[in-house]
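So you can see what is in the structure, the chains are spelled out below.
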Amino acid sequence: DVKVTQSSRYLVKRTGEKVFLECVQDMDHENMFWYRQDPGLGLRLIYFSYDVKMKEKGDIPEGYSVSREKKERFSLILESASTNQTSMYLCASRRDRVANYGYTFGSGTRLTVV
Amino acid sequence: AQTVTQSQPEMSVQEAETVTLSCTYDTSESNYYLFWYKQPPSRQMILVIRQEAYKQQNATENRFSVNFQKAAKSFSLKISDSQLGDTAMYFCAFMPTGANSKLTFGKGITLSVRP
């Protein structure tokens with residue numbers, strides 16, 4: 001089975017800190033995604049990447065950036081954390097651009113910004 | 001742009017009974033995929049069932065089946081013989097076919113199975 005691992009299950013950070021959320025997949029998947037999950041809003045796409053060093057904005061990219069230096073790792077960066085970025089963050093991967101089998105998800109990182 | 005609507009925020013069902021979760025979507029695409037994902041308290045999103053829009057036959061996976069009505073843009077999930085382990089959030093999702101497609105999710109529904 002494909003495994004998508006998010007390095008932290010819970011994080012507490014201070015306002016203004018630079019925050020890194022890490023995601024690693026172990027099956028050579030080309031596509032990786034970062035979603036944010038909030039009650040009553042479902043999952044919203046922040047950024048995605050089709051391949052190494054490639055990235056594209058999703059629906060809510062403001063306040064975030066990403067890095068994909070290696071195929072297996074996709075990092076979400078909060079340049080200056082704010083309290084409205086308190087949320088659950090989900091990473092996902094997919095085999096290739098046209099694999100319509102849905103995604104494999106990590107277990108999520110619950111981030112609290114105080 | 002696609003939208004996915006799950007209008008019921010919560011539902012409850014007695015163990016061993018059947019429950020149906022509703023989902024509608026809006027798209028101008030002619031070919032696409034629809035999904036139901038389950039998110040239990042462990043937070044791990046699990047794919048429950050997948051439907052290809054060009055297939056008229058409704059998908060089934062053991063106790064889970066869908067009622068796909070393409071003209072009505074409706075995609076409901078039926079869970080038969082509900083079990084306590086079915087307690088979770090359920091998300092309906094849409095993805096067009098083709099390169100670089102992405103999943104669009106509904107807001108989710110919290111299902112509680114009562115013993």
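Conventions adopted
Residues numbered from 1 in each chain as written. Chains lettered and ligands numbered in written order. Predicted model: local features only at pLDDT ≥ 70, side-chain atom pairs only at ≥ 80, totals over all residues. Heavy atoms only, no water. Contact = heavy atoms within 4.5 Å. Buried area = accessible area lost by both parts, 1.4 Å probe. Salt bridge = Lys/Arg side-chain N within 4 Å of Asp/Glu carboxyl O. Polar contact = N/O pair within 3.5 Å; in protein donor to acceptor, adjacent residues only side chain to side chain. Helix = DSSP H or I, 4+ residues; strand = E, 2+ residues; numbered from the N terminus. Buried < 20%, exposed > 50% of the residue type's maximum accessible area, 1.4 Å probe, protein only. Disulfide = S-S within 2.5 Å. Core = buried A, V, L, I, M, F, W, Y, C linked by side-chain atoms within 4.5 Å. Phe/Tyr/Trp six-rings, centres within 6.5 Å; stacked < 30°, edge-to-face > 60°. Lys NZ or Arg CZ within 6 Å of the ring centre and 35° of its normal.

> How do you make sense of the interface of chain B and chain A when you look at a structure like this?
It is common to report an interface's size as the accessible area lost on association of the parts. Taken together, the contact between chain B and chain A spans 24 residues of the former and 28 residues of the latter. In this assembly, chain B packs against chain A so that about 2000 Å² is buried in total across both faces, 49% of it on carbon and sulfur atoms. On the chain B side of the contact with chain A, R43(B), N100(B) and K102(B) bury the most area, a combined 33% of that side's loss. Scanning the region where chain B abuts chain A turns up zero salt bridges. On the surface where chain B and chain A come into contact, there are eleven residue pairs in polar contact (both at pLDDT 80 or more). Where the side of chain B that touches chain A is concerned, the elements lending two or more residues are β5 (32-39), β6 (46-52) and β10 (88-96) of chain B.

> I'm lost on the environment of N31(A) in this one. Help?
Residues and elements named next belong to chain A. Checked against the element boundaries, N31 lands in strand β5 (residues 31-38). What makes N31 buried here is its relative accessible area of 0%. Engagement of the side chain of N31 in a polar contact is seen with the backbone oxygen of Y50, the distance being 3.4 Å.

> Even after reading the chapter, I still don't get the state of the cysteines, so can you show me in this structure?
Disulfides are covalent bonds that connect the sulfur atoms of two cysteines. Under the criterion given, the structure shown has two disulfides over all chains. A sulfur-sulfur distance of 1.9 Å marks the disulfide that ties C23(A) to C91(A). Since a negative S-S torsion denotes a left-handed disulfide, the C23(A)-C91(A) link at about -80 degrees is left-handed. Remark: C91(A) occurs in strand β10 (residues 87-94) and C23(A) occurs in strand β4 (residues 23-25); sequence separation between them is 68 residues. Neither C23(A) nor C91(A) differs from the other in exposure class; each is buried. Each sulfur of the disulfide joining C23(B) and C92(B) lies 2.0 Å from the other. Between C23(B) and C92(B) the disulfide shows an S-S torsion of about -70 degrees. By sign, it is left-handed.

> Can you help me understand unusual backbone geometry in this one?
Backbone phi values are negative for most residues with the exception of glycine, while trans is the configuration of most peptide bonds. We note that R43(B) has phi near 80 degrees; this positive angle belongs to a residue other than glycine. Along the chain, R43(B) falls in the loop between β5 and β6.

> I tried to follow the pattern of salt bridges on my own but got confused; where do I start?
Following the criterion strictly, the structure yields ten salt bridges over all chains and no others. E79(A) is paired through a salt bridge with K18(A); the nearest N and O atoms lie 3.6 Å apart. Placement of E79(A) in the loop between β9 (73-78) and β10 and of K18(A) in the loop between β2 (10-13) and β3 (19-21) is noted, with a sequence separation of 61 residues between them. Between K55(B) and E52(B) there is a salt bridge whose closest N-O contact spans 3.7 Å. For E52(B), a relative accessible area of 13% corresponds to the buried category.

> I keep staring at the nonpolar core and nothing clicks. Help me out?
Considering soluble globular proteins, one finds that nonpolar side chains tend to be buried as a cluster. Residues and elements named next belong to chain B. Within the largest apolar cluster, 26 residues are counted, with the highest numbers of intra-cluster contacts made by L21, Y25, W36, F75, L77, Y90 and L111. When residues of this core are traced back to their parent elements, those giving at least two are β3 (19-21), β5, β6, β8 (64-69), β9 (74-79), β10 and β12 (109-114). Here this core takes four residues from β10, the largest share from any one element.

> What is the right way to look at the side chain of R36(A) in this model?
All names here are of chain A. Within the secondary structure layout, R36 lies in strand β5. Residue R36 is classed as buried on the basis of its relative accessible area, which comes to 10%. A polar contact of 2.9 Å, which involves the side chain of R36, links it to the side chain of Y64. Looking at R36, its side chain comes within polar contact range of the side chain of S87, at 3.3 Å. Contact partners of R36, with chain neighbours within four places excluded, come to G42, L43, R44, I46, I60, Y64, N84, Q85, T86, S87, M88 and Y89.

> Is there a simple way to think about the packing of aromatic side chains in this case?
One pair of aromatic rings is described through two measures. These are the centre distance and the angle between the planes. The full count for this structure, using the stated rule, is 18 aromatic pairs over all chains. Each ring, one from Y35(A) and one from F105(A), has its centre 6.4 Å from the other, and the planes form 50 degrees; the classification is tilted. Of this pair, Y35(A) sits in strand β5 while F105(A) is found in strand β11 (residues 104-105), placing the two residues 70 residues apart along the sequence. Aromatic side chains F105(A) and Y37(B) sit 5.5 Å apart centroid to centroid with 85 degrees between the ring planes, which places their arrangement in the edge-to-face category. With F105(A) in strand β11 and Y37(B) in strand β5, this pair bridges two chains. Of the two residues, F105(A) and Y37(B), neither departs from the other in class, the shared state being buried. The rings of F33(A), Y35(A), F48(A), Y50(A), Y103(A), F105(A), F35(B), Y37(B), F91(B) and F105(B) are connected pair by pair, giving a single aromatic cluster. The ring of Y10(A) carries R43(B) above its face, with NZ or CZ at 5.1 Å from the centroid.

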